[in-house]
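So you can see what is in the structure, the chains are spelled out below.
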Amino acid sequence: MLAGWGLAAIMGFAAPSLYAVPGAHAAAAEKGADARRPVKGVPQMDKFKQVSEVVRDKCMACHSRDYDLPFYAKVPGIKQMIEKDFRDGLRAMDLNVELVDAAPGSGQGSGNDAPVGEATIAKMEWVVLNETMPPAKFTAVHWGSRLNAEDRKAVLEWAAATRAAHYSTDAAPNRANEPLQPLPASLPTDSRKVALGERLFNDKRLSADNTLACSGCHAEDKAGTDNRRFAEGIRKQFGDINAPTTFNAVFNVRQFWNGRAADLQEQAGGPPLNPIEMGSRDWQEIIAKLAADAPLTAEYAALYPGGWSAAGITDAIAEYEKTLITPNSRFDKWLKGDDKALNQAEMDGYQRFKAYRCSSCHVGKAVGGQSFEYMDLKADYFKDRGNPLGSDAGMKDFTKKPEDLHRFKVPNLRNIELTAPYMHDGTVTTLDDAVRIMGAYLSGMPIPEGDRALIVSFLRTLTGEYKGKPLTGVAVAK
């Protein structure tokens, strides 16, 4: 129950703009506003009260959109520096989105008892463990903003408690607080819907010219991908974004690179009607073909007595996709307590994976898929790459919000050695280059070749099993 309220609940956020400058809440109180009042209906969690104070007084200043710039922000030279710091802080983590909007009683986000996201926990945990926040130039001005030993201990205990309450699976006790967790062997499903969904997933009649099934771009023998830069649709058409794997997609917080689908069912409804993918005019066109298949219609009607519909078709496909899980990787075995599952180089690679902040975003059971991050967080990836693509807009294409430009869902890294090419633009063909790019543009820490090799050796331990056998596909050489 304690962690179930999420960090926002234990903080009792009310007006984040009051926290832009340490001590501002006191000034607000003098005006009659109680900056520390709890959100209505949310109990105060005394055990982690210190965490709420740390985040409110020492984090919100640079990680909230509703901030008030301090008085000295108008000084030429300082103004530009402060505005950049605020902009960079928000791009790294927007606490309004991650904590305040999701607070119980806020009426925003998922609301109610939604826990803080895994990526948020991992980011806060990393900066506390590595003592990188607040940054030195901030603490030089705001002397009381530095985290002391008690602050750090409180945040780390909160992170561990929240992870244990909401995200831990069946890791060994001494590894239960790792930012990565073992995949479950399976999820509850309806076996009859799964069988129907698998047939529909492989049925080319979902496309306009009966030449392309869902499995055409998400092949089982290619680890749920097509191993192409861009998927080929009907009539030899190509889009401008890489097809992500369907394996372990059930664990994604949202679907598609830009998050435009809330879940697997909504995602399954997109490609059949996309003119450059499967190209069907509408669902009636698809249903007319499927309804002519008497045995398939009988199987469908036994599960969906209301008759053929887009909702029924996509529900069955989504049920099948819930079975596309690849547990029992060597890394999963290590997480569960098998000390011999990884060799020393792979263990060293995992430690570097964490040290270079990879595990701040690639978290949880799927090793990713839990947050949306800026591809140009630390450097201009798009300028350096050149050749602009429409898909470069990222999440902005879906939300239409300027601040979502270049934000993409973090891909899951399960079976990553089998799912090349990489990145939303499909331009990266080796794991070594993918790790180099992440260090330069996301982590802001150049990763030497030797460390990249170790991280790649760790990434190869994430390849799991499907239906009790090693997942098939072609592993990248480097």
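One numbering rule holds for all chains: residues counted from 1, following each sequence as written. Selection of residues for local features in this predicted model requires a pLDDT of at least 70, selection of side-chain atom pairs for listing and counting requires 80 or more, and totals for whole chains, interfaces and linings are taken over all residues. Only heavy atoms go into the side-chain values, all of them from the structure, while hydrogens and water stay out.

## Looking at the nonpolar core
Now for step 1: Buried residues of nine kinds, namely Ala, Val, Leu, Ile, Met, Phe, Trp, Tyr and Cys, make up a nonpolar core once their side-chain atoms join them within 4.5 Å. Working definition: with a 1.4 Å probe on protein chains only, accessible area under 20% of the residue-type maximum means buried, over 50% means exposed, and in between means partly exposed. Membership of the largest hydrophobic core comes to 38 residues, with the highest contact counts inside it found for Phe-331, Phe-353, Tyr-422 and Leu-459.
Now for step 2: Within the residue set of this core, elements represented by two or more residues are helix H14 (330-335), helix H15 (344-355), helix H16 (381-385), helix H18 (431-443) and helix H19 (449-459).
Now for step 3: Broken down by element, this core gets its largest block of residues, 6 residues, from H18.
Now for step 4: Apart from the residues lying within four places of it in its own chain, the contact partners of Phe-353 are Leu-180, Cys-358, Ser-359, His-362, Val-367, Leu-413, Ile-455, Phe-458 and Leu-459. Numbering goes from the N terminus for both helices and strands, where a helix is a DSSP run of H or I of at least four residues and a strand is a run of E of at least two. It only takes one pair of heavy atoms within 4.5 Å for two residues to be counted as in contact.

## Focus on the environment of Lys-204
Now for step 1: Here Lys-204 shows up in the loop between helix H9 (191-201) and helix H10 (264-268).
Now for step 2: In the structure, Lys-204 is positioned 10 residues away from Cys-214 in sequence and 7.7 Å away in space, judged by C-alpha atoms.
Now for step 3: Sequence-distant contacts of Lys-204, that is, excluding residues within four places in its chain, are made with Asn-210, Thr-211, Leu-212 and Ala-213.

## A short note on the state of the cysteines
Now for step 1: Cysteine sulfur atoms are paired as a disulfide whenever they fall within 2.5 Å. Summed over the entire model, instances satisfying the criterion amount to 0 disulfides.
Now for step 2: The structure places no disulfide on Cys-214, whose sulfur is separated from the nearest cysteine sulfur, that of Cys-217, by 8.7 Å.
Now for step 3: The class of Cys-214 is buried, set by a relative accessible area of 13%.
Now for step 4: Not engaged in a disulfide, the cysteine Cys-361 finds its nearest cysteine sulfur in Cys-358; these two sulfurs lie 9.0 Å apart.
Now for step 5: Judged by relative accessible area, Cys-361 falls into the buried class, the value being 17%.

## As for the pattern of salt bridges
Now for step 1: Any carboxyl oxygen of Asp or Glu within 4 Å of a side-chain nitrogen of Lys or Arg constitutes a salt bridge here. Under the counting rule described, the total for this entry stands at 28 salt bridges.
Now for step 2: For Asp-88, the salt bridge goes to Lys-84, with nearest N and O atoms at 2.6 Å. Placement of the pair is Asp-88 and Lys-84 together in helix H4 (residues 78-92), with a separation of 4 residues, close to one helical turn.
Now for step 3: Judged by relative accessible area, which is 28%, Asp-88 ranks as partly exposed.
Now for step 4: Note that Glu-232 and Lys-236 form a salt bridge whose closest N and O atoms lie 3.8 Å from each other.
Now for step 5: By relative accessible area, which is 65% here, Lys-236 ends up exposed.
Now for step 6: Salt bridges sharing partners connect three or more residues here, namely Asp-203, Arg-205 and Asp-293.

## Here we look at the side chain of His-424
Now for step 1: Following the sequence through the fold, His-424 ends up in the loop between strand S2 (407-409) and H18.
Now for step 2: Counted as a polar contact is a pair of N or O atoms within 3.5 Å, where, for protein atoms, one must be capable of donating a hydrogen and the other of accepting one, and residues adjacent in sequence contribute only when both atoms are in side chains. Here Asp-392 takes part through its side chain, which lies 2.8 Å from a polar atom of the side chain of His-424.
Now for step 3: His-424 has contacts with Asp-240, Ile-241, Asn-242, Trp-257, Tyr-381, Phe-382, Arg-385, Ser-391, Asp-392 and Phe-408, leaving out every residue within four places of it along the chain.

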